[in-house]
Amino acid sequence: MGAEPSKLVGVDSISGKTFLFELIEDILVNFSSFLTEIPDFFKLLRARICPLIVHVIRNKKEFPSLVRVMRICVRLTVYFPEILVEEAQTIITRLVLLLEGDYNNWVKALVLEVLFSLAKCPDLLMKLYLKYDKDADVPMIDRILRGIGRFVQSSYKKSIVLEMMPYPNESKDLCMDMLNSEIAVEPSEAYIVCLGIRTLSEIVDSIYSLSVKYKDQVITNASGEKDKANVVEQGEKTKEDITLEEDGYNSCRQLADNAWPSLLVLSFVLGKARHEGVIQLVLKTYQSFTEACGILKLLTAQDALLTTLHKFSLPHFKKTSATVAGIPLLNKSNQATISGNGASNPVSLLVSSGNNTVVTKKNVLAMKRVLTIAHQLGNNLSESWAIVLDTLDVIHTTLVDTSSVVVDNDLSDTPVSSSKDELQVLDSAMTSIFSTSMYFDDTGIVFLLKELEKQSRSRLFPEQKESRDYVAVASEHHCTLYFAFGIQKMIELAQVNLHRLHLLWEEITNYITDVSVHPNEHVRTLCVSALASFAEYALKQAPGKIEGGIDVQLWVLQTLSRLSQSENSSVRSITLKQVHSIIQQCGHNITITGWPFLLDIIRRTIDSDMEPNPKHVANAFQSLQYICTDFTGQLNGTLLENLITTIGAYGKPVGDINIAITSPRLLWSLSDHISLEDTKKSLGPEQISTLWILLFKQLHKVSVSTRNEIRTAALRSMFGILTTHGRHLRPQDWKETLEILYEILDGISALAGQASHHEGLAEHQLGLEDGRSVMMLVHHSRNTEAKQWNETRVIALEGVLRIFKTFFTTLQQNLEDVSACWRKLMLYIVLYWDNSDIEIALAGVKAVESILVAASNNSDYPKELWDQGWQTYRMMVTTLTSKESVVSHNTINTFTASIQNLHGKLKDKFSEEDASLFLEVIRPLPLLPVEYAGELGPLQRAVTLLFNDLTSTFPSRVPQTIGILLSYISQAIKFPFSERVSSGQKWVVPTSLDKVHLSLAEKSLASLEVLWRLPTLTPELKVSIVQDLLQVLGKCIQLKHTHYSSPLWHKSLVLFLDILSNGLGYLEMATQTAGEDKDVWSDLTDDIEGFLISPASTNPTPTTPEEEKRNEEWDLSLCNLLTNLLYHSSSSDKKEKEEGRKGQPIQERLIELLFLWAKSTKKWSSAGRKKTAEEYTFQMYQLLFALCSGKYKEDDEAMSKSLSVTTTPIMISHCAHLLSNFAKECQQETQDDTETNQEVVMIIKGLRELNIPEEVKLGKGGKNGHLFLLFPVLCDCVVTRDLRVRQELKETLKLIAAEYAK
């Protein structure tokens, strides 16, 4: 220090100028801040140092000097850019010129190292720009960029080897650091080229750093004057600070705007380079500059850089083909690489069947850089999104194409080992772009959406006709590759930004509406499916209103509703499938805002102007079922009304008939929900009533469907609901419900009257399967439309009646005139009964039966209903039995069950009047024309059993019952019992019997025997029935001559004899009471005569000896009973005489009958029967002579004498006639009949022994007056040669002589 010389530590010698250059650098490095305060120092720099440096550079001295000079250039430019303005400009200009000349590589390397050192200083770069570029004609920064760019480009053009150039090791010493080398080490060309690229990259990084530095100022500058004033007021910044920041921002912006054209040279490098290091460096440079341009709002530069990156993101293809709208048409054998130029030309991807997408690492790296830019600048890309989206579309196509592979470069065919990993990274990165869009501001998100829509529209709706035609027929695979991106990402964008859906939804819905009518079905499918997936997501994430009071459900489901109205079938189909998925996955989140749209979609599927599609109907109905099963609790009253109407609409027979059949059952399940207490509390009584009536109206509508299965399901559901939940209805509800039930009956009756009686195959079709009809097997009883409607009518009537019975008490309490309702129901029953179809008629029978049973069990039922029910039932029976057609088994069984049911349930409640009415009601039933004959049917057995039971319970009903039984017998023997035989008309034994009712007659006869012998049958009752009994039985016994094999006549005879033996007194009393004694006794006599006297035309019936003996005993018993008739019929003759009526007395007829019967026995041919006939004749004459003697009834002398008075003249006349004939035969000598002679002997002897009472006046009177009367005849008989007769004549004539002598 001071006067002493300086010592340089570690320096033994000084080697010329190199030491001086090092010293200068050392001074500048260590004392720059001190020296800047000395003005003479700057003069020294300008006058000495800078010219020296320029001189050394110009002369390009040896390496050691030039290295040290280059280092001094860096120090001067870095430390004194604002002072050494012209000097720095000259130095840098000289340096750039060195890159363009034909110099050694080490010279160029030194120049680039200097520029590289300067480029790493962002503030220096800005100072240089402000001093040299801003207002200069030849900007300094631009000169540097152009110089380096030309150098790099020219280097690549000279050597193809550089394409595979490796990236230099950054740890290697720079040429500027080789201070100890005396001779330059020639660097490789690769090194200096990469150094040039790195220098450009460093310049870009500096610009990016400056843009980030001024980022806040960019925001402040964009926020307006008002915000700047607020900042100043708050003391955060001064106006001067703000001005300086704005100047800095503007300068930075100008710097970047001037620099970007020169950097496009890197596009050439990127196209040539194949080494990953170089590619990464260039792509990083592009990314940094693009982000800087985005921050600085340099849209033109940003678009240009993005376009370049997009170009290098396009993959290579093998077997490429010509394209239309980016879609391959024809394969070509050559290999090519296709590129696009941003938004003006949609990416041309050539992927077709059998093509492989070859993605190089360069493509992948370019894609990643674009993705990174989109992440960084997404909010500020605005219209530049068009280019980014093109790149994203390329990525999407690459990812979707399963044939995509990643290779090292376009000369390689071998996929890299990390191929799948690379693609997965791309997928994740692209997905995150849209998932992070929630952080965009409103303007940014709107820009993204609009550009996304624009890009998708350009793909889907190209302007060229050829393109449009191809897009219309593109395959599903192509649609997924080339058209799905825009659709899917728009929906993804909406999902991520659900909180501000109001900014996006109009654009999205307009887009979806347009795409939904796209001519390509696969495109439409992609569109609707994407919307549906968003709807599902939105309903899960935002079930209610979101920010700004926006109701997501309203917007989303309203759009789906519009799609469901599309004229395109596939759109509607997809919409319906997605609606079903939404209900399944999000039904619990849907509010009252969304349900109306879903229900409208479902209802419109089957109830709209368009022809319903069976498949659509099936899909929609699945959704409807799901709603009814799980979500009815979420619906308010209005929605429940909508749901009921929707369910009712599915009662139409469209497609699968099971849907229409199930529809009423859904209403039934819905009724369970309506009846819940919680539902009633939440909705209120008025709303509940509305729901009930609406539900019944829907069932009414379905109940008149053209298909029988649907009608049946609706009716069963209707009556099931009423039966189960009728107690929940209010009085006014019941009134409307009954009107609906009446309308159902009216509607069904009207439609049934129009039904066809011809079998139609279309009615039996269940649906289609594989284009063929699926037919239902139908029983013959339901194979016509008319038969099916009859079944419907039966179900309707039975159901309505069941409701009336079940809720009669409720109706009586709630309705003003329940009887009027019953009367109206009775009218329907009568209407049904008058139907020609027996099935419907029988339904009426069951209906009345159920009414009667119900009325008997409920004291609240008015008497009017009971009487009207019986009258209706009786009318039905009478009408049915008056038909001539054969009655079916079904009818027989129905009535059998009906009367048994009525009797079983009502007998304990019957009064005498009721029992009588019941007997009259069931009376005609056994006479129904049946399909079988000769045996007793179930109905006939049931009726006869009921007769027995009723008569045991009500003995007073025996006469009525017997009358009914006699009518059955009369029906079988064709005797008009119910019609009194007119005077002069005689019943003729029929040649044939009614075989259909013959078994009934036999059963009735057996019942008559039981009833006649009942201990409870009083004399009064017997008096009332004996006349009818004998009248019918008398006709039955005459069947002996025409129908001997029938058991009817001999069973009737047994009862007939029993009555004659024990009941003639009752008959006499009956005749006296009725005043018809003459007709009764006359008919009885006719019947006995018809039995005893065989008609001449009757052929003999072969009999066994046992039968002959039985018959003879019956004949004899009947003859013996004739005397009783003589006795009891005397009063009738007496009355007839007193009244002066003409006609033969009954007693005379009876006596003549005895003679006729005795005469008929003479015809018996066998020896045994002849002997019996003689005995019968002998007994007859004994009986007659006893009557004549007046001693027939010793206990009744008056009656005996009366009989004698009547009998004796007839007897004497008969004897006279017989003896006269005998005398003639004797005179003609033709008499040799032993039987006749024996009869004459009995007569003469009986006459001789007869003592006539005084009351009988014959001949001379006296007890033998008859002998004097017969004397002439007796004298004529003396010519007989029969000794027995002669002996009897002798004794008789002696008696006459002796009597005469007195």
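In this text, all values refer to a predicted model and were calculated from it rather than measured experimentally.

Thresholds, definitions, all that
Residues numbered from 1 in each chain as written. Predicted model: local features only at pLDDT ≥ 70, side-chain atom pairs only at ≥ 80, totals over all residues. Heavy atoms only, no water. Helix = DSSP H or I, 4+ residues; strand = E, 2+ residues; numbered from the N terminus. Buried < 20%, exposed > 50% of the residue type's maximum accessible area, 1.4 Å probe, protein only. Areas by Shrake-Rupley, 256 points an atom, 1.4 Å probe, with all protein chains shown as cover. Expected span 1.5 Å × (residues − 1). 1 Å grid on protein atoms, 1.4 Å probe; cavity = no way out; pocket = protein on both sides within 12 Å on 5 of 7 lines; lining within 4 Å. Points joined across faces, edges and corners; volume = space filled by probe spheres on them. Patch = residues over 30% accessible without salt bridge, like charges linked within 9 Å, V, L, I, M, F, W, Y side chains within 5 Å. Salt bridge = Lys/Arg side-chain N within 4 Å of Asp/Glu carboxyl O. Contact = heavy atoms within 4.5 Å. Polar contact = N/O pair within 3.5 Å; in protein donor to acceptor, adjacent residues only side chain to side chain. Axes fitted to C-alpha atoms, helices over the stretch in contact; angles between N-to-C directions. Left-handed = near helix turned anticlockwise from the far one by under 90°. Nonpolar A, V, L, I, M, F, W, Y, C, P; charged D, E, K, R; others polar. Parallel < 35°, antiparallel > 145°, perpendicular 65-115°, else oblique. Phe/Tyr/Trp six-rings, centres within 6.5 Å; stacked < 30°, edge-to-face > 60°. Lys NZ or Arg CZ within 6 Å of the ring centre and 35° of its normal. pLDDT = per-residue confidence, 0-100. Disulfide = S-S within 2.5 Å.

Caption draft 1: Region of the structure containing the overall build of the chain. The helix and strand inventory of the chain stands at 55 helices and 9 strands. In the chain, which comprises 1302 residues, the proportion classed as buried is 54%. Counting only carbon and sulfur atoms, one obtains 50% of the accessible surface of the chain, whose full area is about 57,700 Å².

Caption draft 2: How the structure looks around helix α15 (residues 361-377). Over its 17 residues, α15 extends 24 Å from the first C-alpha to the last, a length consistent with the 24 Å expected when each residue adds 1.5 Å. Most of α15 sits out of view: 12 of its 17 residues are buried. All of the buried residues in α15 are Lys362, Asn363, Val364, Leu365, Ala366, Met367, Arg369, Val370, Leu371, Ile373, Ala374 and Leu377.

Caption draft 3: Geometry of empty space enclosed by the protein. Going through the model one piece at a time under the given rule, you end up with 6 cavities of 30 Å³ or more. Quantified by volume, the largest cavity comes out at close to 110 Å³. Taken together, Ser564, Arg572, Leu576, Ile601, Arg604, Thr605, Ser608, Met610, Glu611, Pro612, Asn613 and His616 form the lining of the largest cavity. Sorting the residues of the lining of the largest cavity by element identifies α25 (569-586) and α26 (595-606) as the ones contributing at least two each.

Caption draft 4: Structural view of helix α33 (residues 731-753). For α33, which comprises 23 residues, the first-to-last C-alpha distance of 34 Å matches the rise-based estimate of 33 Å (1.5 Å per residue) to within 8%. For α33, the set of buried residues is Asp733, Trp734, Thr737, Leu738, Ile740, Leu741, Tyr742, Ile744, Leu745, Ile748, Ser749 and Ala752.

Caption draft 5: Main features of a nonpolar patch on the surface. Taken together, the side chains of Leu20, Leu23, Ile27 and Phe31 define a hydrophobic patch exposed on the protein surface, amounting to about 320 Å² of accessible area. For leucine 23, the location among the structural elements is in helix α1 (residues 16-35). Leucine 23 sits in the partly exposed class, given a relative accessible area of 37%.

Caption draft 6: Spatial organisation of the environment of serine 1189. With respect to the secondary-structure elements, serine 1189 resides in helix α51 (residues 1167-1189). Relative accessible area serves as the criterion here: at 16%, serine 1189 is assigned to the buried category. Distance from serine 1189 to leucine 1250, taken between C-alpha atoms, is 6.2 Å for residues 61 residues apart in sequence. Excluding residues that lie within four positions of it along the chain, serine 1189 makes contacts with Ser1204, Leu1250, Asn1251 and Pro1253. At a separation of 2.6 Å, a polar atom in the side chain of serine 1189 contacts the main-chain carbonyl oxygen of alanine 1186.

Caption draft 7: The arrangement of unusual backbone geometry in detail. The backbone of serine 382 shows a phi angle near 45°, a positive value even though the residue is not glycine. Assignment of secondary structure puts serine 382 in the loop between α15 and α16 (385-400). On the basis of relative accessible area, serine 382 is assigned to the buried category, the value being 13%. You will see that lysine 974, though not glycine, has its phi angle at about 60°, which is positive. Looking at the element boundaries, lysine 974 is found in the loop between α42 (958-973) and α43 (995-1012). Its relative accessible area of 45% is what places lysine 974 among the partly exposed residues.

Caption draft 8: Main features of the environment of threonine 285. Within the secondary structure layout, threonine 285 lies in helix α13 (residues 276-295). Along the primary structure threonine 285 and leucine 266 are separated by 19 residues, whereas in three dimensions their C-alpha atoms are 8.7 Å apart. With near-sequence residues (within four places) excluded, threonine 285 lies in contact with Leu200, Ser201, Val204 and Leu266. A polar contact is formed between the side chain of threonine 285 and the backbone oxygen of leucine 281, at a distance of 2.8 Å.

Caption draft 9: Spatial organisation of the packing of helix α22 (residues 505-515) against helix α23 (residues 521-541). Here α22 crosses α23 at 145°, and the two axes come no closer than 9 Å. Regarding α22 and α23, the two cross each other, and that crossing is left-handed. Two secondary-structure elements touch here, α22 through Trp505, Ile512 and Val515 and α23 through Val523, Arg524, Cys527, Leu531 and Phe534. A breakdown of the residues in the contact of α22 with α23 according to their chemical character gives 7 nonpolar, no polar and 1 charged.

Caption draft 10: Looking closely at the pattern of salt bridges. Applying the stated criterion across every chain, the model contains 19 salt bridges. Taking the shortest distance from any N to any O, the salt bridge between arginine 500 and aspartate 442 comes out at 3.0 Å. Note that arginine 500 is positioned in the loop between α21 (484-496) and α22 and aspartate 442 in helix α18 (residues 442-460), a separation of 58 residues in sequence. You can call arginine 500 buried: its relative accessible area is 5%. Put simply, glutamate 492 and lysine 489 hold a salt bridge, and the shortest N to O gap is 2.9 Å. Of the two residues, glutamate 492 and lysine 489 both sit in helix α21, 3 residues apart, roughly one turn of that helix. Both residues of the pair, glutamate 492 and lysine 489, belong to the buried class. A network of salt bridges, in which partner residues are shared, links Glu453, Arg457 and Asp514.

Caption draft 11: Structural detail: the packing of helix α12 (residues 265-272) against helix α14 (residues 299-313). Direction vectors running N to C along α12 and α14 enclose 10°, while the axes themselves pass 11 Å from each other. In terms of their interaxial angle, α12 and α14 are classed as roughly parallel. Each of Ser267, Leu270 and Gly271 in α12 lies in contact with α14, whose residues at this interface are Thr308, Lys311 and Phe312. Looking at the contact of α12 with α14 residue by residue, the class counts come to 2 nonpolar, 3 polar and 1 charged.

Caption draft 12: Spatial organisation of the packing of aromatic side chains. If you walk through the whole model with that rule in mind, you get 15 aromatic pairs. Members of the aromatic cluster, joined through ring pairs, are Tyr1044, Trp1049, Phe1091 and Trp1114. Positioned above the aromatic ring of tryptophan 1012, the side-chain terminus of lysine 1022 is 5.0 Å from the ring centre. The lysine or arginine in question, lysine 1040, covers the ring of phenylalanine 1091, its NZ or CZ lying 4.5 Å from the ring centre.

Caption draft 13: Just the confidence of the model for the chain, in detail. The pLDDT averaged across the chain works out to 76; a share of 78% of its residues lies at or above 70. For residues 220-226, every residue scores under 50 in pLDDT, and the model assigns this stretch 4 contacts once sequence neighbours within four places are set aside. Every residue in residues 979-984 scores below 50 in pLDDT, and together they form 5 contacts with partners more than four places removed in sequence or on other chains.

Caption draft 14: Region of interest: the state of the cysteines. Evaluated as defined, the whole model comprises 0 disulfides. Cysteine 1277 takes part in no disulfide bond, and the closest cysteine sulfur, belonging to cysteine 1226, lies 6.3 Å away. Overall, the relative accessible area of 0% leaves cysteine 1277 in the buried class.

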